[in-house]
Amino acid sequence: MGADTEGAAGNRWEVYDTWPPPSTETSLYLRAKGELSVEQPEVGELGQIFEHLPEDPTPVSGGRNLRLASGSSDQQAIEGRDDVAVYTTAPLKDPVEIVGNLRARLWVLSDKDVVDVVVRLTDVYPDGRSLLIASGLTRVGGQANEQLVEVDLWPTAMVFETGHQIHVSIAGA
């Protein structure tokens, strides 16, 4: 996949002998002040805190759905909510290609017995659109302390265009 602008990188078929194809794993780190970076956080750098209210759930817009509208959709309204933590790269200086199985590893602390954690990956266009590329959900519970959780975002193949940004958003469900 790629941007919906003429001449953008991506938007072509690739054929691989195996899945996932041979690749180099690259980590993006959630940093203070909503920064998403290949550089690891400093010791003591704290993440974002947000309050999830079950009576006002974070909506679903696009993605892998059978009964709701599916596919890539603009996530700006969801990302603008107070109960969603958003992390963003600087504008990309070169196209960035991701191919393979995506996952997010997060430290989660909740005062609830059970909480669902939703992670979304989006392509942010220079005009502000934030189009959904991948998403995943996992249930966390049974502990009153911080725990490392893994969220499967499923396989994808995408080229993020020069000048675009990458968003990772996290919400309760």
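Up top you'll find the structure we're talking about.
None of these values were measured; they are calculated from a predicted model. (Residues numbered from 1 in each chain as written. Predicted model: local features only at pLDDT ≥ 70, side-chain atom pairs only at ≥ 80, totals over all residues. Heavy atoms only, no water.)

### A closer look at the packing of aromatic side chains
Operational definition: Note on ring pairs: Phe, Tyr and Trp rings are taken, using the six-membered ring of Trp, and paired if centres are within 6.5 Å. Classes follow the plane angle, with under 30 degrees stacked, over 60 edge-to-face and the rest tilted. Think of it in three bands: residues with accessible area under 20% of the maximum for their type are buried, residues over 50% are exposed, and the middle band is partly exposed, with areas taken using a 1.4 Å probe on protein chains only. Here, a charge over a ring means that NZ of Lys or CZ of Arg falls within 6 Å of the ring centre while also lying within 35 degrees of the ring normal.
What the rule picks out here adds up to 1 aromatic pair. Between the aromatic rings of Y16 and W19, the centroid separation amounts to 6.2 Å while the plane-to-plane angle is 65°, which identifies the pairing as edge-to-face. Overall, Y16 belongs to the partly exposed group, its relative accessible area being 33%. In this structure, R129 is placed above the aromatic ring of Y125, and the distance from its NZ or CZ to the ring centre is 4.0 Å.

### Overview of the sheet that holds strand β3 (residues 84–88)
We count it as follows: The criterion for strand pairing is that DSSP finds at least two bridges linking the strands in question. Helix numbers and strand numbers start at the N terminus; a helix is a DSSP run of H or I with at least 4 residues, a strand a run of E with at least 2. Here an angle of 0 to 180 degrees is reported between the N-to-C directions of two axes, which are lines fitted to C-alpha atoms, with helices fitted over the stretch in contact.
Taken together, the 4 strands give an open sheet; going across it, the order is β3-β8-β5-β6, and neighbouring strands pair in antiparallel fashion. The open sheet terminates on both sides in strands that have one partner only, identified here as β3 and β6 (130–141). Taken over all neighbouring pairs, the strand axes of this sheet differ in orientation by 15° on average, direction set aside. Judged from the 5 bridges that link them, β3 and strand β8 (residues 165–172) form a sheet pairing that is antiparallel. Each residue of the ladder has a partner; that of V84, found in β8, is A171.

### Thoughts on unusual backbone geometry
Between W19 and P20 the backbone carries a cis peptide bond, its omega angle lying at 0°. Of note in the backbone geometry, N11 takes a positive phi value of approximately 55° without being a glycine. You can see N11 is positioned in the segment before β1 (29–30). The exposure class assigned to N11 is partly exposed, which follows from its relative accessible area of 47%. Within the chain, W154 stands out as a residue other than glycine whose phi angle is a positive 70°.

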